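Coordinates in review
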Amino acid sequence: MTTTATATKQFMTSEQLLEDWQGHRNLTRRVIESFPEKELFEFSVGGMRPFAKLAVELISIGGPALKGIVEGNMEAYSEEAFNPKTKEEILKKWDEETEVINHYFNQISEERFQETFNLFGQYEFPVYQNILYFVDNEVHHRGQGYVYLRALGIEPPFFWERF
């Protein structure tokens with residue numbers, strides 16, 4: 001009887017996943033910076049929310065979700081806690097939440113990524129799928145921001161320059 005050793009190759013490490021996500025966050029931050037103050041809060045296309053509202057949604061998901069995963073808290077999602085009036089407030093909170101994301105992400109073990117978690121008490125998926133959703137949601141909303149900036153005659157940052 002012959003035994004053949006097989007190795008499981010990992011596509012991406014958790015550190016690489018966090019780096020990828022933070023690259024997206026860096027680019028989204030640059031999109032926020034590209035908006036004139038007034039248009040950040042007021043401009044929209046086709047009835048979509050202004051980009052400030054989209055940024056608040058993203059701010060309200062990443063850090064709070066990871067904290068919930070780590071602490072086992074399934075508290076409902078809420079955007080009402082943060083109501084910025086200036087671009088500076090959004091950027092400050094964005095940077096604070098980046099640190100929250102780094103802090104809690106690094107507390108999730110490799111095994112936990114496969115565990116099912118009921119995020120915000122309503123999204124029951126494996127942890128890794130929830131995290132991929134955070135990235136997908138951000139890319140989606142950043143795309144809306146690109147449309148807004150182009151409609152305003154502003155050249156958005158190159159989408160491939162994430163770091």
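Scroll up for the structure.
Everything in this summary refers to the structure shown in the same document. Computed from a predicted structure; not experimentally measured. (Residues numbered from 1 in each chain as written. Predicted model: local features only at pLDDT ≥ 70, side-chain atom pairs only at ≥ 80, totals over all residues. Heavy atoms only, no water.)

**Examining empty space enclosed by the protein**
Applying the stated criterion across every chain, the model contains one cavity of 30 Å³ or more. The space that makes up the largest cavity amounts to roughly 50 Å³. The set of elements that each furnish at least two residues to the lining of the largest cavity consists of helix 1 (14-34), helix 3 (51-71) and helix 5 (127-151). (1 Å grid on protein atoms, 1.4 Å probe; cavity = no way out; pocket = protein on both sides within 12 Å on 5 of 7 lines; lining within 4 Å. Points joined across faces, edges and corners; volume = space filled by probe spheres on them. Helix = DSSP H or I, 4+ residues; strand = E, 2+ residues; numbered from the N terminus.)

**Observations concerning the side chain of N118**
With respect to the element layout, N118 can be found in strand 1 (residues 116-119). Here Q122 takes part through its backbone nitrogen, which lies 2.9 Å from a polar atom of the side chain of N118. With residues up to four places along the chain from it excluded, the contact list for N118 reads M74, Y123 and E124. (Polar contact = N/O pair within 3.5 Å; in protein donor to acceptor, adjacent residues only side chain to side chain. Contact = heavy atoms within 4.5 Å.)

**Looking at the pattern of salt bridges**
A full pass over the atoms with the stated rule returns 10 salt bridges. Measuring nitrogen to oxygen at the nearest pair gives 2.7 Å for the salt bridge that ties R29 to D95. Taken together, the residues R29 in helix 1 and D95 in helix 4 (residues 87-105) connect sequence positions 66 residues apart. A relative accessible area of 34% means that D95 is categorised as partly exposed. Of the charged contacts in the structure, one is a salt bridge between K93 and E97, with a shortest N-O distance of 3.6 Å. On the criterion of helical spacing, the pair formed by K93 and E97 is a turn pair, its members being four residues apart in helix 4. Since its relative accessible area comes to 25%, K93 is described here as partly exposed. Under the relative-accessibility criterion, E97 is labelled buried at 9%. (Salt bridge = Lys/Arg side-chain N within 4 Å of Asp/Glu carboxyl O. Buried < 20%, exposed > 50% of the residue type's maximum accessible area, 1.4 Å probe, protein only.)

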